[in-house]
Amino acid sequence: MSKPRVKVPKSAGAGDTITIKTLMKHKMESGQRKDKDGNKIPRKIINFFSATFNGEEVMSVNLHGAVSTNPFIQFDMKVPATGDLAFKWVDDDGTVTETSKTIKVS
Amino acid sequence: MNISRRKALAFGGAALTVTLVPVSFAQAASEEVMKAAVDAFTGGAAIAEGGIELTTPEIAENGNTVPVAISAPGAKRVILLASGNPNPGVADFTFGALAAGNGSTRIRLAGTQDVVAIAEMADGSFAQVAKAVKVTIGGCGG
């Protein structure tokens with residue numbers, strides 16, 4: 001998997017609701033497509049995404065083959081204090097990609 | 001290059017067929033499969049309306065990437081189902097205490113169909129909302 005892109009505000013007020021945008025480059029082969037010989041191309045997708053704040057899970061998504069190529073996931077969350085937002089993507093083949101951002105809360 | 005008038009007419013005629021891809025194509029999951037997906041989530045419990053919003057475009061120009069958004073403040077989980085896809089499951093959201101209970105992503109729709117979102121609320125009750133989406137080019141690689 002390649003490097004994910006994550007958009008997180010650098011700072012916020014305590015208790016503010018912020019919007020997080022994430023984008024992971026991935027073909028998301030659904031398992032529905034056929035090759036030129038008519039055989040189904042096996043499924044290979046990112047099947048799991050999670051966002052954790054200071055170790056506490058904020059939200060997670062189980063993705064199926066119907067999620068588009070280069071999965072885009074956006075969500076809102078409340079940010080109570082300064083902390084680290086950790087993001088994780090898991091591929092069908094077990095590969096895990098992680099990245100994190102810090103939010104400063106005044 | 002000269003295209004014969006007959007060939008040009010045949011080409012034009014073929015280009016006019018099918019802009020909207022209807023749901024009765026062979027790829028759509030059966031009603032039982034859809035019901036099984038719903039029951040797997042709700043355990044067969046009653047589902048109410050209200051408390052969950054689903055935002056989808058009225059017409060999706062490209063079935064390979066259709067933006068959808070769900071919002072169910074206070075929900076523990078929300079699942080998105082595409083009733084006309086070969087497999088109805090699309091994405092299952094789980095929300096922790098800090099989440100606002102919303103999420104958006106982009107999905108593949110095989111053809112014109114209903115997209116359904118079902119939420120499990122904090123009190124264990126279920127609520128759903130469905131939206132019809134017209135798809136001009138199907139997104140299942142077919």
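Look above for the structure.
First, a word on scope: everything that follows refers to the structure included in this document.

Definitions and limits used
- Residues numbered from 1 in each chain as written.
- Chains lettered and ligands numbered in written order.
- Predicted model: local features only at pLDDT ≥ 70, side-chain atom pairs only at ≥ 80, totals over all residues.
- Heavy atoms only, no water.
- Contact = heavy atoms within 4.5 Å.
- Buried area = accessible area lost by both parts, 1.4 Å probe.
- Salt bridge = Lys/Arg side-chain N within 4 Å of Asp/Glu carboxyl O.
- Polar contact = N/O pair within 3.5 Å; in protein donor to acceptor, adjacent residues only side chain to side chain.
- Core = buried A, V, L, I, M, F, W, Y, C linked by side-chain atoms within 4.5 Å.
- Buried < 20%, exposed > 50% of the residue type's maximum accessible area, 1.4 Å probe, protein only.
- Helix = DSSP H or I, 4+ residues; strand = E, 2+ residues; numbered from the N terminus.
- Pairing = 2+ DSSP bridges.

What to know about the interface of chain A and chain B
Each side of the interface is counted separately: chain A has 30 residues, and chain B has 27 residues. At the boundary of chain A with chain B, total buried surface from both sides reaches about 2200 Å², with 46% on carbon and sulfur atoms. Together, Gln32, Ala66 and Ser68 of chain A form the three largest contributors to the area buried by chain A at its contact with chain B, with a combined 23%. Run the count over chain A and chain B and you get 0 salt bridges. In this assembly, chain A and chain B are joined by 19 residue pairs in polar contact (both at pLDDT 80 or more).

Structural notes on the nonpolar core
Here is a general trend for soluble globular proteins: nonpolar side chains tend to be buried in one another's company. Phe49, Met59, Phe75 and Phe87 of chain A together with Val78 of chain B are the most contacted members of the largest nonpolar core, which totals 54 residues. When residues no more than four places from it in sequence are discounted, the contact partners of Val78 of chain B are Phe41, Ile52, Ile70, Ala72, Ala91, Asp92, Phe93, Phe95, Ala117, Ile118 and Ala119 of chain B. With 8 residues, the next largest nonpolar core counts Met34, Val38, Leu81 and Phe126 of chain B among its residues.

As for the environment of Asp76 of chain A
Its place among the elements puts Asp76 of chain A in strand S6 (residues 72–79). Taking the C-alpha atoms as reference, Asp76 of chain A lies 14 Å from Val61 of chain A; in sequence the two are 15 residues apart. Ignoring sequence-local partners within four residues, the contact set of Asp76 of chain A consists of Thr17, Ile18 and Thr19 of chain A together with Ala99, Ala100 and Asn102 of chain B. A distance of 2.7 Å separates polar atoms of two side chains, one belonging to Asp76 of chain A and the other to Thr19 of chain A.

Here's the deal with the environment of Glu120 of chain B
All names here are of chain B. Here Glu120 shows up in strand S8 (residues 113–121). Distance from Glu120 to Ala75, taken between C-alpha atoms, is 5.7 Å for residues 45 residues apart in sequence. If sequence neighbours within four positions are ignored, Glu120 has contacts with Phe41, Ala75, Lys76, Arg77, Ser125 and Phe126.

A short note on the pairing of S6 of chain A
Residue and element names in this part refer to chain A. Within S6, 6 of the 8 residues are buried, which leaves the element mostly enclosed by the surrounding structure. The pairing of strand S3 (residues 16–23) with S6 spans 8 bridges and is antiparallel. Following the sheet pairing, Lys21 is matched in S6 by Gln74.

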